[in-house]
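# Observations on the three-dimensional arrangement
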Amino acid sequence: MLSVHGRKPVRRFVEPVAKALLNAGVSANITTVVGTVVAVTLSAVLIPADYLVAAAIAIGLFSAFDMVDGTMARLSGGGTAYGATLDASCDRITDGALFGAIAMWLIYVDHAHPAHVAACLAVLVLSQTISYIKARAEAGGIKIVGGLVERPERLIVALVGLGLEGFGVPHAVEVAVWLLLVGSVFTVVQRLMIAARDPRAMAPLAPPPGA
């Protein structure tokens, strides 16, 4: 939802950063890669070490690069097919690192019940599935816009859970994981239904090469 409705309010904060990076000679693709490397490193180092508040703040800041690089591409005349592919791939890597690190924290620091760990791993898989449904549908000419739990919602809920747990709120991470699990299952079904109802849903596709 926020990917559709939440961009305009923050544009006035993102655009000056994007313009400054472009003026410094930094490309949108470099911004994507740097933001991803830093966010993955922060997840892998801070969360399993139980620095949850620091992780929530730092990962949140560097995850904002996901909007900065897109704004940079727009300001420089529009993005490229490769840039879009790179951005989407890096998003999946960042999400995987975040929920993988949360799973490690649940296992080795929180000593959580296996059900919580399983729920976190399910969220990791479903987060990839939600994005894949959109990408695969649009490759077949089906437009999918929105969804209950998209990447911004996933990050917000996960990072708020980490931050609250770091401030001493018990089971905040577990609650966040289960909320995301329910919301992610709903979103998978929601997007599949959107795809099924599209007028182009039954359009025939050409067989793959070599078939």
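Everything quoted here is computed from the prediction, not taken from an experiment. (Residues numbered from 1 in each chain as written. Predicted model: local features only at pLDDT ≥ 70, side-chain atom pairs only at ≥ 80, totals over all residues. Heavy atoms only, no water.)

### Overview of the UniProt feature "binding site: Mg(2+) 2" (unreviewed entry) in the chain
Cross-referencing UniProt, the feature "binding site: Mg(2+) 2" (unreviewed entry) maps to Asp66, Asp87 and Asp91 in the present numbering. The named residues occupy 26 residues along the chain; their greatest pairwise C-alpha distance, 7.8 Å, places them in one compact cluster. Relative to the elements of secondary structure, Asp87 occurs in helix H6 (residues 81-109). Beyond its immediate sequence surroundings of up to four residues, Asp87 is in contact with Thr32, Asp66 and Asp69. In this structure, Asp91 sits in helix H6. Here Asp91 falls in the buried class, since its relative accessible area comes to 10%. Residues contacting Asp91, with those up to four places away along its chain left out, are Asp66 and Arg151. (UniProt positions renumbered as here; feature names shortened; annotations may be inferred. Helix = DSSP H or I, 4+ residues; strand = E, 2+ residues; numbered from the N terminus. Contact = heavy atoms within 4.5 Å. Buried < 20%, exposed > 50% of the residue type's maximum accessible area, 1.4 Å probe, protein only.)

### Things to note about helix H3 (residues 28-46)
For H3, spanning 19 residues, the distance from its first C-alpha to its last is 27 Å, which sits close to the expected 27 Å at 1.5 Å a residue. Every buried residue of H3 is listed here: Ala28, Thr31, Thr32, Gly35, Thr36, Ala39, Leu42, Ser43 and Leu46. Down the axis of H3, the sector holding all buried residues measures 140°, keeping them to one side. (Expected span 1.5 Å × (residues − 1). Arc of directions from axis to C-beta.)

### What about the packing of H6 against helix H9 (residues 172-197)?
Packing of H6 against H9 leaves a shortest axis separation of 11 Å and a crossing angle of 135°. The angle between the axes of H6 and H9 places the two elements in the oblique class. Where H6 crosses over H9, the handedness of that crossing is left-handed. Touching Phe99, Ile102, Trp105 and Leu106 of H6 are Val173, Glu174, Val177 and Leu180, all from H9. Its residues placed into classes, the contact of H6 with H9 shows 7 nonpolar, no polar and 1 charged. (Axes fitted to C-alpha atoms, helices over the stretch in contact; angles between N-to-C directions. Parallel < 35°, antiparallel > 145°, perpendicular 65-115°, else oblique. Left-handed = near helix turned anticlockwise from the far one by under 90°. Nonpolar A, V, L, I, M, F, W, Y, C, P; charged D, E, K, R; others polar.)

### Quick look at the nonpolar core
In terms of nonpolar packing, the biggest core is built from 37 residues, with Ile47, Leu98, Phe99, Ile102, Leu106 and Leu162 touching the most fellow members. Within the residue set of this core, elements represented by two or more residues are H3, helix H4 (52-63), H6, helix H7 (114-139), helix H8 (151-166) and H9. Element by element, the count of residues in this core is highest for H7, at 8 residues. (Core = buried A, V, L, I, M, F, W, Y, C linked by side-chain atoms within 4.5 Å.)

### Here we look at the packing of H3 against H4
Running from amino to carboxyl end, H3 crosses H4 at an angle of 170°, the nearest separation of the two axes being 9 Å. Accordingly, the angle class assigned to the pair H3 and H4 is roughly antiparallel. On the side of H3, the interface is formed by Gly35, Val38, Ala39, Leu42, Ser43 and Leu46, while H4 contributes Ala54, Ala55, Ala58, Ile59 and Phe62. Its residues assigned to classes, the contact of H3 with H4 comprises 9 nonpolar, 2 polar and no charged.

### Points about the side chain of Thr187
Along the chain, Thr187 falls in helix H9. On the accessibility criterion, Thr187 (0% relative accessible area) is buried. At 2.7 Å, the side chain of Thr187 forms a polar contact with the backbone oxygen of Gly183. (Polar contact = N/O pair within 3.5 Å; in protein donor to acceptor, adjacent residues only side chain to side chain.)

### Things to note about the pattern of salt bridges
Inspection of every chain in the model, using the stated rule, returns 9 salt bridges. Measuring nitrogen to oxygen at the nearest pair gives 2.7 Å for the salt bridge that ties Glu15 to Arg74. One end of the pair, Glu15, is in helix H2 (residues 7-23); the other, Arg74, is in helix H5 (residues 65-75), with 59 residues separating them in the sequence. Here Asp95 and Arg151 are joined by a salt bridge, their closest N and O atoms 3.0 Å apart. Here Asp95, found in helix H6, pairs with Arg151, found in helix H8; they are 56 residues apart in sequence, far enough to count as distant. (Salt bridge = Lys/Arg side-chain N within 4 Å of Asp/Glu carboxyl O.)

### Focus: the confidence of the model for the chain
Mean pLDDT over the chain stands at 90; residues scoring 70 or higher make up 94%. Across the chain, the secondary-structure element scoring lowest on mean pLDDT is helix H1 (residues 2-5), at 52, and the one scoring highest is H9, at 97. (pLDDT = per-residue confidence, 0-100.)

### Some words on a nonpolar patch on the surface
The grouping of Ile156, Val160, Leu164 and Val169 at the surface amounts to a nonpolar patch, some 300 Å² of accessible area in total. Following the sequence through the fold, Leu164 ends up in helix H8. (Patch = residues over 30% accessible without salt bridge, like charges linked within 9 Å, V, L, I, M, F, W, Y side chains within 5 Å. Areas by Shrake-Rupley, 256 points an atom, 1.4 Å probe, with all protein chains shown as cover.)

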